[in-house]
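# Structure assessment
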Amino acid sequence: MIPSVTLKPLTWHPHIAPVELSEATPQQIEAMKVTPSNKKVSEYVRTLAHDPESYVARTVLFNAIMYVDGGLPHADRELGALGASMVNGCKFCAVVHARRHANLTKSNDVVSALYFDKPEQLGPRDAAIHRFARRLSAVPSEATAEDIALLKSVGMNDVDIVDLIHAISIFGWANRLMHVLGHADSGN
């Protein structure tokens with residue numbers, strides 16, 4: 001039996017001063033409206049908003065991959081993001097996507113198995129997704145036709161697999177943005 005992990009949100013601290021909302025240009029304000037959140041605009045978003053055109057392009061793509069209706073279930077996208085973030089060493093993204101996965105599935109079992117390094121405790125579908133996310137993130141060329149066949153054997157179709165590849169791959173980029181622009185800690 002694996003103990004249940006409880007992941008508290010981390011705090012991200014920018015290395016570059018975020019755009020102050022009171023000093024933002026009209027283009028920066030408009031760009032930040034693309035954020036798919038009903039929460040305050042985060043320091044991360046305000047840091048990326050220094051380049052509003054790139055921020056909009058990045059966010060529209062991210063939203064289309066992670067939040068679109070249809071295709072791969074959102075919990076599977078989150079599991080792919082979690083696996084990629086763990087390989088890439090992005091603790092902030094790993095915690096965010098672990099919590100989203102647990103919330104979507106109404107269970108902490110998968111997240112606990114991964115955080116306690118017990119992937120053998122995963123069900124076949126979660127194990128296939130996690131294996132693929134790790135392989136694609138570590139050395140993309142090592143993800144092979146065998147991996148695709150394994151994903152198909154657990155019920156994924158070609159559209160699901162492409163959606164999963166997008167979710168995993170965008171975290172190769174997203175994790176690196178987080179790492180270069182700042183660092184995360186428990187906020188204590």
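Just so you know, these numbers come straight off a predicted model, no measurement behind them.

Cut-offs and rules
Residues numbered from 1 in each chain as written. Predicted model: local features only at pLDDT ≥ 70, side-chain atom pairs only at ≥ 80, totals over all residues. Heavy atoms only, no water. Helix = DSSP H or I, 4+ residues; strand = E, 2+ residues; numbered from the N terminus. Polar contact = N/O pair within 3.5 Å; in protein donor to acceptor, adjacent residues only side chain to side chain. Contact = heavy atoms within 4.5 Å. Salt bridge = Lys/Arg side-chain N within 4 Å of Asp/Glu carboxyl O. Buried < 20%, exposed > 50% of the residue type's maximum accessible area, 1.4 Å probe, protein only. Phe/Tyr/Trp six-rings, centres within 6.5 Å; stacked < 30°, edge-to-face > 60°.

## Observations concerning the side chain of S85
Mapped onto the fold, S85 is located in helix 4 (residues 74–88). Separated by 3.1 Å, the side chains of S85 and N175 make a polar contact. Not counting residues within four places of it along the chain, the set of residues in contact with S85 comprises C90, C93, A94, F171 and N175.

## Quick word on the pattern of salt bridges
This model, assessed by the stated rule, comprises 8 salt bridges. Between E146 and R131 there is a salt bridge, with its nearest N and O atoms 3.5 Å apart. In this pair, E146 is assigned in helix 8 (residues 145–153) and R131 in helix 7 (residues 124–138), connecting sequence segments 15 residues apart. Exposure remark for R131: the relative accessible area of 28% places this residue in the partly exposed category.

## Re the packing of aromatic side chains
Enumeration according to the criterion identifies 3 aromatic pairs in this entry. A centroid spacing of 5.1 Å and a plane angle of 80 degrees characterise the contact between W12 and Y44, whose relative ring orientation is edge-to-face. Here the residue W12 occupies a position in strand 1 (residues 11–14), and Y44 occupies one in helix 2 (residues 43–48), the gap between them amounting to 32 residues. As far as the burial class goes, W12 and Y44 line up, both buried. When the ring of F62 is compared with that of Y67, the centres are 6.0 Å apart and the planes differ by 65 degrees; the resulting orientation is edge-to-face. Accessibility expressed as a relative area gives 9% for F62, which makes it buried. Three or more aromatic residues joined by ring pairs form one cluster here, namely F62, Y67 and F171.

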